[in-house]
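The chain contents come next:
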Amino acid sequence: IEDFIAPFNSPKGPVRIDTHVTKGFCVTPFYDSMLAKVITFGKDRNVALLLMKKTLEDLKIYGVQTTIDFHKAILM
């Protein structure tokens, strides 16, 4: 991972990013393809979806291919 930039998250907040990777982490060929799990919640589904869109825009992972763009396309 050349760089990992995640929006602010909190285990109790509306954005939660569960991951073990950081800048400089080496992804071997024997890795689980899920490097991070992003969870958002709000007072209703629409609020949670809007927050997820914003979170995916702000989440940056450089050095490996990700499915961030795929997930953003699904939410649009």
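Residues numbered from 1 in each chain as written. Predicted model: local features only at pLDDT ≥ 70, side-chain atom pairs only at ≥ 80, totals over all residues. Heavy atoms only, no water.

Caption draft 1: Broad picture of the overall build of the protein. What the protein contains, in helices and strands, is two helices and four strands. Beginning at the N terminus, the succession of helices and strands in the protein can be written as β-β-β-α-β-α. Viewed in the frame of its principal axes, the protein has a C-alpha envelope of about 40 × 25 × 20 Å. Residues classed as buried in the protein amount to 25% of the 76 residues present. Surface accessibility of the protein: about 5,600 Å² in total, with carbon and sulfur atoms responsible for 59%. Of the side chains in the protein, 10 bear a positive and 8 a negative charge, and the two mean positions are spaced by 7 Å. (Helix = DSSP H or I, 4+ residues; strand = E, 2+ residues; numbered from the N terminus. Buried < 20%, exposed > 50% of the residue type's maximum accessible area, 1.4 Å probe, protein only. Areas by Shrake-Rupley, 256 points an atom, 1.4 Å probe, with all protein chains shown as cover. Lys, Arg positive; Asp, Glu negative; His and termini not counted. Charge placed at Lys NZ, Arg CZ, Asp CG, Glu CD.)

Caption draft 2: Quick look at the pattern of salt bridges. Counted according to the given criterion, the structure contains five salt bridges. Across the pair D18 and K37 runs a salt bridge, and its minimum N-O distance is 3.7 Å. With D18 in strand β2 (residues 15-19) and K37 in strand β3 (residues 36-40), this residue pair connects regions lying 19 residues apart in the sequence. A residue is classified by how much of its surface remains accessible, and D18, at 27% relative accessible area, is partly exposed. With a shortest N-O distance of 2.7 Å, K54 and D58 are connected by a salt bridge. Of the two residues, K54 and D58 are both situated in helix α1 (residues 45-58); the distance of four residues between them amounts to about one turn of the helix. Connected through salt bridges with shared partners, the residues R16, D18 and K37 form a single ionic network. (Salt bridge = Lys/Arg side-chain N within 4 Å of Asp/Glu carboxyl O.)

Caption draft 3: Fine view of the nonpolar core. Among the nonpolar cores identified, the biggest contains 13 residues, and I1 and F4 are the most heavily contacted of them. Those residues in contact with F4 that sit more than four places away from it in its chain are T19, V21, T22, K23, L59, K60 and I61. (Core = buried A, V, L, I, M, F, W, Y, C linked by side-chain atoms within 4.5 Å. Contact = heavy atoms within 4.5 Å.)

Caption draft 4: Inspection of the side chain of T40 at higher detail. Tracing the sequence through the fold places T40 in strand β3. Of the polar contacts made by the side chain of T40, one reaches the backbone oxygen of A48; its length is 2.9 Å. Setting aside anything within four residues of it in sequence, one finds T40 in contact with P14, V15, A48, L51, M52 and T55. (Polar contact = N/O pair within 3.5 Å; in protein donor to acceptor, adjacent residues only side chain to side chain.)

Caption draft 5: A look at the environment of K53. Assignment of secondary structure puts K53 in helix α1. Residue classification places K53 among the partly exposed positions, given a relative accessible area of 25%. Through-space distance from the C-alpha of K53 to that of G24 is 26 Å; in sequence the pair is 29 residues apart. Not counting the four nearest positions on each side in its chain, K53 is found in contact with L75 and M76.

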